[in-house]
Amino acid sequence: MEWFERASLAGDDVAAFNLAVILDEGKLVAEDNRRAAKFYRLAADRGNVDAMVNLGLMLENGEGSAKDLPAAHAMFRKAANEGDAFAGQKLAELTADETFQTAMLGKTSRIIK
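Analysis parameters
- Residues numbered from 1 in each chain as written.
- Predicted model: local features only at pLDDT ≥ 70, side-chain atom pairs only at ≥ 80, totals over all residues.
- Heavy atoms only, no water.
- Helix = DSSP H or I, 4+ residues; strand = E, 2+ residues; numbered from the N terminus.
- Buried < 20%, exposed > 50% of the residue type's maximum accessible area, 1.4 Å probe, protein only.
- Contact = heavy atoms within 4.5 Å.
- Areas by Shrake-Rupley, 256 points an atom, 1.4 Å probe, with all protein chains shown as cover.
- pLDDT = per-residue confidence, 0-100.
- Polar contact = N/O pair within 3.5 Å; in protein donor to acceptor, adjacent residues only side chain to side chain.
- Expected span 1.5 Å × (residues − 1).

Peer 1: So what's going on with the overall build of the protein? Residues and values would help.
Peer 2: Counting secondary structure elements, the protein contains 6 helices and 0 strands. When each of the 113 residues of the protein is scored for burial, the buried share is 33%. Across the protein, every contact between residues at least 6 apart in sequence was considered, and the portion connecting residues at least 24 apart equals 37%. A total accessible area of about 6900 Å² is found for the protein, and carbon and sulfur atoms account for 56% of it.

As structure tokens, then:
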């Protein structure tokens, strides 16, 4: 943990990602999703595609922070633009959910009237 943190502070995106995974999984140390999300964000900001995907999953599920679907969508889009196939699938799922919810708004308002 100490060496990953030192390397992360020195600008290493892989070290930040690895530290986030350790904190996220909770196997080697107590699970700390809030800190994991911070290190995923750091790694993602440095261009780490795996961190973008994992941060997107955390944002989608409200782990480590409040649930934030638009931010999850943005993370998945960024990773998909880098060629990550899983991120592309997640992006398609979120987009389909948004389309369905938007389509249902008009129908529900007619039902309530």
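Peer 1: Give a description of the environment of Asn-81 that names residues and reports values.
Peer 2: Take Asn-81: it is sitting in helix α5 (residues 69-81). Its relative accessible area of 61% is what places Asn-81 among the exposed residues. When the C-alpha positions of Asn-81 and Val-49 are compared, they lie 9.6 Å apart, and in sequence the two are 32 residues distant.

Peer 1: Summarise the confidence of the model for the protein; cite the residues concerned and give the values.
Peer 2: Counting all residues, the mean pLDDT for the protein is 89, and 85% of those residues have values of 70 or more. Within the model, the stretch residues 102-113 combines pLDDT values under 50 with 0 contacts to residues more than four positions away or in other chains.

Peer 1: If you had to explain the side chain of Asn-33 to someone new, which residues and values would you point to?
Peer 2: Note on placement: Asn-33 falls in helix α3 (residues 33-45). Side chain to side chain, Asn-33 and Glu-31 meet in a polar contact 2.9 Å long. Look past the residues within four positions of Asn-33 in its chain and what remains in contact with it is Asp-24, Met-58, Glu-63 and Gly-64.

Peer 1: Just give me the short version of the side chain of Asn-48, but keep the residues and values in it.
Peer 2: The residue Asn-48 is located in the loop between α3 and α4 (49-61) in this model. Classification of Asn-48 as buried rests on a relative accessible area of 8%. Here Ala-51 takes part through its backbone nitrogen, which lies 2.9 Å from a polar atom of the side chain of Asn-48.

Peer 1: Go over helix α2 (residues 13-25) with me, naming the residues and quoting the values.
Peer 2: Compared with the 18 Å implied by 1.5 Å per residue over 13 residues, the 18 Å span of α2 between its first and last C-alpha is a close match. Among the residues of α2, those classed as buried are Ala-15, Ala-16, Phe-17, Leu-19, Ala-20, Val-21, Ile-22, Leu-23 and Asp-24. Of the surrounding secondary structure, the elements contacted by the buried residues of α2 are α1 (2-9), α3 and α4. Capping the start of α2, Asp-12 holds a side-chain oxygen 2.8 Å from the backbone nitrogen of Val-14, two or three residues further along. After α2 finishes, the residue Gly-26 shows a positive phi value of roughly 70 degrees.

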